[in-house]
Amino acid sequence: MALLQISEPGMSTAPHQHRLAVGIDLGTTNSLVAVVRNSISMVLNDADGSALLPSVVRYLADGNVQVGYPAQALQSDDPVNTIVSVKRFMGRGLADIGDVSNLPYRFANVAATGSGQAPGMVQLRTVAGVKSPVEVSAEILKVLRVRAEAALGGELVGAVITVPAYFDDAQRQATKDAAKLAGLNVLRLLNEPTAAAIAYGLDNAAEGVYAVYDLGGGTFDISILRLSQGVFEVLATNGNSALGGDDFDHRIYCWLLEKNNLSALGAQDTRLLLTHARAVKEQLSDYPEARITAILSAGDVIDTTLTRQDFYDMTQTLLAHTMQPMRRALRDAGLTVSDIKGVVMVGGSTRMPQVQRAVGEFFKQTPLTNLDPDKVVALGAAIQANVLAGNRQDDDWLLLDVIPLSLGLETMGGLTEKVIPRNSTIPTARAQEFTTFKDGQTAMGIHVVQGERELVSDCRSLARFELRGIPSMVAGAARIRVTFQVDADGLLNVSAREMSSGVEAAITVKPSYGLSDAEITRMLEDSNQFAQDDMKARALREQQVEAKQLLEAVQNALQQDGAALLGKEEQERIAGSMAALRETLQATDHLALKRAIANLNEATVAFAQARMDSNVAHALSGRKLSELES
């Protein structure tokens with residue numbers, strides 16, 4: 001029973017003024033909905049008293065849909081039409097998912113444009129038709145919305161929905177689309193580790209620097225936060241958007257195949273063994289060994305015992321994959337292990353003993369597990385939802401979250417110009433001025449990219465749009481201000497404005513699908529590993545851009561005044577320097593290119609002076625001294 005809250009006279013909220021808002025943890029394995037009642041955050045149970053809703057959706061031929069436990073119970077009988085771990089497909093295409101041979105689904109990479117279906121996002125063929133991950137997730141969210149409205153006795157004004165900190169723009173937008181299909185108004189997309197920190201910090205009145213280790217069913221995040229006098233400041237975040245408890249299940253599945261001399265199985269047998277693998281994984285958190293018994297469709301009998309030590313041995317590499325992001329997050333925050341006051345464990349997968357042991361050894365302290373790792377994210381989201389709904393105007397705390405990867409533009413030569421660096425606090429807006437490359441240029445292409453490398457080819461393209469109607473000017477005269485705005489959900493808007501004319505263009509960045517795990521890992525690791533190479537490549541591109549501009553300017557000058565102002569020998573000398581520069585353009589030595597540019601500049605000094613004298617003389621021709629003085 002909730003505690004009775006006593007307020008000072010005139011300070012309590014009238015019942016009719018209380019706005020119903022919830023926090024939702026849309027998880028890979030399980031999902032939850034929570035609310036703040038009488039200043040206490042709590043999860044809402046279903047009619048059977050269960051807080052967890054398995055994130056499982058089954059489509060039936062008659063058009064009906066089963067969600068949660070009924071679908072989970074039949075996942076091995078109808079694997080093609082029963083979708084589990086759909087969160088791993090959100091905002092992704094087939095190329096991002098990688099090997100699908102062990103998945104029982106029928107994929108269709110359809111470039112759809114319907115509601116909730118982002119172009120390029122993977123599609124799943126079911127007996128009820130082709131379904132996108134957005135539609136599947138919406139079915140889960142609908143059940144949670146109905147549960148909340150039934151428990152609270154009214155219509156919701158909105159929800160805070162949590163996402164992995166390493167979800168990119170496409171994955172976040174896909175989550176918002178799913179909520180819209182489910183009839184939910186999204187008050188905020190909140191990073192899961194940040195939500196956990198809110199719940200833990202307010203519940204324990206914690207202060208200091210904390211690490212939040214979030215290992216869920218399909219994703220891993222590590223966030224470093226500073227909690228100080230009600231301010232929740234995210235200092236750095238890192239992670240792996242395709243690593244979670246499902247991968248531990250898959251290791252057991254592969255071990256079963258090898259142990260029983262089995263080759264590739266059909267969809268039904270694959271789902272059966274993966275279901276047993278998950279159950280055994282959970283048993284090994286409490287017991288030193290677990291037995292697996294199953295009968296396959298061909299009549300093969302599996303009866304095998306897995307020990308906790310064997311499970312630990314086969315999953316060591318998965319644990320190692322969580323260590324590197326932790327090191328990067330500490331480095332980005334400018335901290336060491338000794339600066340961390342506590343480590344909050346989030347996600348059901350953190351119940352595995354080997355995970356707690358590995359995290360404890362890394363941070364040299366016992367992880368904090370006094371809050372239920374399955375519920376802490378939803379509880380934190382509910383607290384944030386209550387504030388955003390306006391129910392707690394007197395709350396004295398502030399949330400400062402960050403973006404995971406840098407955002408920028410492509411400039412001439414295929415270079416990346418970072419406008420908002422990673423781990424910048426959101427919401428944020430930053431502007432930078434650019435200019436035109438050619439004389440008379442009246443349009444400019446804006447290419448928005450995401451990543452840490454110096455060259456656009458090594459980053460991820462997010463969106464393209466054009467700014468048209470730029471007044472015709474000489475190259476470099478136009479002033480084009482490009483503004484990046486990242487909202488509190490981590491979603492990006494970009495606008496471009498030519499300052500003298502006021503011509504403007506803008507785009508809401510909604511890429512076709514998200515970053516793959518390999519791309520995220522490569523972006524961050526390569527930014528360090530190839531830093532020196534990137535700087536050389538950038539220097540070369542910059543020299544190439546300068547060389548092309550110089551060649552074009554000299555060529556135009558020769559066409560206009562070369563014959564009139566230069567002798568044959570001078571023309572040949574300039575032509576030779578231009579030919580040498582064109583040849584050097586094909587090389588990869590930026591220093592040689594710099595020397596060739598200097599040689600051409602030197603060869604044209606006299607020509608430039610002659611053109612200037614000629615232009616001055618032309619301007620003064622026929623003018624009286626009195627006219628010039630006036």
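Residues numbered from 1 in each chain as written. Predicted model: local features only at pLDDT ≥ 70, side-chain atom pairs only at ≥ 80, totals over all residues. Heavy atoms only, no water.

1. Considering the overall build of the chain
- The helix and strand inventory of the chain stands at 17 helices and 28 strands.
- For the chain, the proportion of its 630 residues judged to be buried stands at 51%.
- Partitioning the intrachain contacts of the chain with sequence separation of at least 6 by distance along the chain shows that 67% fall at a separation of at least 24.
- When the accessible surface of the chain is split by element, carbon and sulfur atoms take 49% of a total near 28200 Å². (Helix = DSSP H or I, 4+ residues; strand = E, 2+ residues; numbered from the N terminus. Buried < 20%, exposed > 50% of the residue type's maximum accessible area, 1.4 Å probe, protein only. Contact = heavy atoms within 4.5 Å. Areas by Shrake-Rupley, 256 points an atom, 1.4 Å probe, with all protein chains shown as cover.)

2. Things to note about helix α14 (residues 568–585)
- Its 18 residues give α14 an end-to-end C-alpha distance of 26 Å, which sits within 8% of 26 Å, the value for a rise of 1.5 Å per residue.
- Residues of α14 that are buried include every one of Ile 574, Ser 577, Met 578, Leu 581, Thr 584 and Leu 585, and no others. All buried residues of α14 fall inside an arc of 125° around its axis, so they share one side. Structural note: α14 exposes Lys 568, Glu 569 and Glu 583 on the side pointing more than 90 degrees away from its buried face. (Expected span 1.5 Å × (residues − 1). Arc of directions from axis to C-beta.)

3. Comments concerning unusual backbone geometry
- Its identity is not glycine, yet Asn 38 carries a phi of approximately 50°, on the positive side.
- Structurally, Asn 38 can be placed in the loop between β2 (30–37) and β3 (40–43).
- With relative accessibility at 43%, the residue Asn 38 sits in the partly exposed group.

4. Details of the nonpolar core
- The biggest cluster of nonpolar side chains holds 48 residues, and the ones touching the most others in it are Tyr 213, Ile 224 and Phe 363.
- Ignoring anything within four residues of it in the chain, the contact list for Ile 224 reads Val 209, Tyr 210, Ala 211, Glu 233, Val 234, Leu 235, Ala 236, Ala 329, Leu 330, Ala 333, Leu 335 and Ile 340. (Core = buried A, V, L, I, M, F, W, Y, C linked by side-chain atoms within 4.5 Å.)

5. Let's talk about the pattern of salt bridges
- In this structure the tally under the stated criterion is 19 salt bridges.
- With its nearest N and O atoms 3.8 Å apart, the salt bridge here joins Asp 246 to Arg 88. Of the two residues, Asp 246 sits in helix α6 (residues 245–259) while Arg 88 sits in the loop between β7 (82–84) and α2 (94–97), which places them 158 residues apart along the sequence.
- Accessibility expressed as a relative area gives 13% for Asp 246, which makes it buried.
- Measuring nitrogen to oxygen at the nearest pair gives 3.2 Å for the salt bridge that ties Arg 497 to Glu 504.
- When salt bridges with common partners are traced through the structure, they connect Arg 88, Asp 246, Asp 247, Asp 249, Arg 278 and Lys 281 into a single cluster. (Salt bridge = Lys/Arg side-chain N within 4 Å of Asp/Glu carboxyl O.)

6. Some points on the packing of aromatic side chains
- Counted according to the given criterion, the structure contains 6 aromatic pairs.
- Ring plane angle 85° and centroid distance 5.7 Å describe the contact between Phe 89 and Phe 107, whose orientation is recorded as edge-to-face. Separated by 18 residues along the polypeptide, Phe 89 in the loop between β7 and α2 and Phe 107 in strand β8 (residues 106–108) bring together distant segments of the chain. Of the two residues, Phe 89 and Phe 107, neither departs from the other in class, the shared state being buried.
- Geometrically, the ring pair formed by Phe 362 and Phe 363 is edge-to-face, given 4.9 Å between the ring centres and 75° between the ring planes.
- Through successive ring pairs, a cluster of aromatic residues spans Phe 89, Tyr 105 and Phe 107.
- Its end group placed over the ring of Tyr 312, Arg 357 keeps NZ or CZ at 4.5 Å from the ring centre. (Phe/Tyr/Trp six-rings, centres within 6.5 Å; stacked < 30°, edge-to-face > 60°. Lys NZ or Arg CZ within 6 Å of the ring centre and 35° of its normal.)

7. Some details on empty space enclosed by the protein
- Summed over the entire model, instances satisfying the criterion amount to 4 cavities of 30 Å³ or more.
- When its volume is computed, the largest cavity comes out at roughly 90 Å³.
- As for the largest cavity, its lining consists of Phe 167, Asp 168, Asp 169, Arg 172, Ile 403, Pro 404, Leu 405, Leu 407, Gln 450, Val 486 and Gly 490.
- For the lining of the largest cavity, the residue count by class is 6 nonpolar, 2 polar and 3 charged. (1 Å grid on protein atoms, 1.4 Å probe; cavity = no way out; pocket = protein on both sides within 12 Å on 5 of 7 lines; lining within 4 Å. Points joined across faces, edges and corners; volume = space filled by probe spheres on them. Nonpolar A, V, L, I, M, F, W, Y, C, P; charged D, E, K, R; others polar.)

8. Section: the pairing of strand β1 (residues 21–25)
- Most of β1 sits out of view: 5 of its 5 residues are buried.
- Side-chain alternation along β1 places Ala 21, Gly 23 and Asp 25 on one buried face and Val 22 and Ile 24 on a second face that is also buried.
- Pairing of β1 with strand β11 (residues 158–163) involves 5 bridges; the strand directions are parallel. Across the sheet, residue Ala 21 finds its bridge partner in β11, namely Gly 158.
- Alignment of β1 against β2, held across 3 bridges, turns out to be antiparallel. (Pairing = 2+ DSSP bridges.)

9. Section: the sheet that holds β7
- Across the sheet, 3 strands lie side by side as β6-β5-β7; this open sheet has antiparallel pairing. Of all the strands in the sheet, the pair left with one neighbour each is β6 (65–67) and β7. The sheet shows a mean angle of 15° between the axes of neighbouring strands, taken without regard to direction.
- The pairing of strand β5 (residues 56–59) with β6 spans 3 bridges and is antiparallel. Bridge pairing links Arg 58 to Gln 66 in β6.
- Its contacts with the sheet put helix α3 (residues 133–152) on β5, β6 and β7, and the angle it makes with β5 is roughly 110°. (Axes fitted to C-alpha atoms, helices over the stretch in contact; angles between N-to-C directions.)

10. Re the sheet that holds strand β21 (residues 415–420)
- One open sheet accounts for 4 strands, arranged β21-β20-β24-β25; its pairing is antiparallel. Bordering the open sheet on either side are β21 and β25 (460–468), each of which pairs with just one other strand. The average angle at which neighbouring strand axes cross in this sheet is 30°, direction not considered.
- Examined bridge by bridge, strand β24 (residues 443–450) and β25 share 8 bridges and lie antiparallel to one another. Within the sheet, the bridge partner assigned to Val 448 lies in β25 and is Ala 463.

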